[in-house]
Amino acid sequence: CGAAAADFRYPITFHEPAQPNPNVEYESLTEMALALGFTPLTLPEASGYDCTKMSIIDGVTADLAYISRDKLQQDESTFSIRSAEMAKTASLKGDISGLYGVKWQKTQMGSTTVYIGKIDSKSFAVRWVNGKYAFAAMARNISKEAFQTIVRELLVPATERGFGA
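Calculation rules
- Residues numbered from 1 in each chain as written.
- Predicted model: local features only at pLDDT ≥ 70, side-chain atom pairs only at ≥ 80, totals over all residues.
- Heavy atoms only, no water.
- Helix = DSSP H or I, 4+ residues; strand = E, 2+ residues; numbered from the N terminus.
- Buried < 20%, exposed > 50% of the residue type's maximum accessible area, 1.4 Å probe, protein only.
- Contact = heavy atoms within 4.5 Å.
- Areas by Shrake-Rupley, 256 points an atom, 1.4 Å probe, with all protein chains shown as cover.
- Pairing = 2+ DSSP bridges.
- Salt bridge = Lys/Arg side-chain N within 4 Å of Asp/Glu carboxyl O.
- 1 Å grid on protein atoms, 1.4 Å probe; cavity = no way out; pocket = protein on both sides within 12 Å on 5 of 7 lines; lining within 4 Å.
- Points joined across faces, edges and corners; volume = space filled by probe spheres on them.
- Nonpolar A, V, L, I, M, F, W, Y, C, P; charged D, E, K, R; others polar.

A. Representation of the overall build of the protein in the model. Helices and strands together make up the secondary structure of the protein, namely two helices and eight strands. Starting at the N terminus and walking to the C terminus, you meet the elements of the protein as β-α-β-β-β-β-β-β-β-α. Buried residues in the protein amount to 39% of all 165 residues. In the protein, the proportion of contacts linking residues at least 24 apart, taken out of those at least 6 apart, comes to 48%. Carbon and sulfur atoms make up 52% of the accessible area of the protein, which totals about 10,200 Å².

Listed below in structure tokens is the structure:
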């Protein structure tokens, strides 16, 4: 115990324990489905998008990230699709988009009411509820028409077939 051990001029700084990361990444859709208790909504292979990241937010919301396979685009378009059980996200009232300040426009696609929002000139979002599940999708570097086509022809029909009551 030398003199340095008795030197209390430098206070010890205590830090609060770090908050756990609310996003947990998964390597496969099967692992994700086991953790969630349901298989999340995905973009099919025919969509032209590849899945680049699969994670679960706060243990309840699936979040899948996609990038366009179209290498001729100057800016690759990206998609994010979220799925969650309504019972586990009740406080959000079906809005699992995570977006604030977006003006949502109510419209009908198939037998489902959806809310579409414009984030900027090349970025759009949509959210909807079907049965006991809530869904949201966001895309960047995409035209409004292309976004709506993917939502109307691929995403919403999949939730009407596979997730509805």
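Okay, back to it.
B. Focus on the pairing of strand β6 (residues 112-120). Where strand β5 (residues 104-109) meets β6, six bridges bridge the pair, whose relative direction is antiparallel. Within β6, the residue paired with Thr107 across the bridge is Val114. In textbook terms, the turn of a hairpin is the stretch between consecutive antiparallel strands, and for β5 and β6 this stretch comprises two residues, one of which, Gly110, has a positive phi near 65°. Across six bridges, the pairing between β6 and strand β7 (residues 123-130) is antiparallel. Note on β7: the bridge partner recorded for Asp120 is Ser123.

C. Geometry of the pattern of salt bridges. Enumeration over the complete set of coordinates arrives at six salt bridges. Between Lys88 and Glu85 there is a salt bridge; the shortest N-O distance is 3.3 Å. One salt-bridge network, held together by shared partners, links Glu45, Asp50 and Arg69.

D. Representation of the layout of surface pockets in the model. By volume, the largest pocket is sized at about 210 Å³. Surrounding the largest pocket, 14 residues form its lining, Arg82, Leu92, Asp95, Ile96 and Gly98 being those nearest its centre. Classifying every residue of the lining of the largest pocket by side-chain character gives six nonpolar, four polar and four charged.

E. Main features of the environment of Ala84. Mapped onto the elements of the fold, Ala84 is located in strand β4 (residues 78-85). Residue class for Ala84 comes out buried when judged on its relative accessible area of 0%.

F. Quick look at the pairing of β4. Of all eight residues that make up β4, seven are buried, and the element is covered over most of its length. Pairing of strand β3 (residues 61-68) with β4 involves seven bridges; the strand directions are antiparallel. If you follow Asp63 over to β4, its bridge partner there is Arg82. Where β4 meets strand β8 (residues 133-140), eight bridges bridge the pair, whose relative direction is antiparallel. The residue of β8 that forms the bridge with Ala84 is Ala134.

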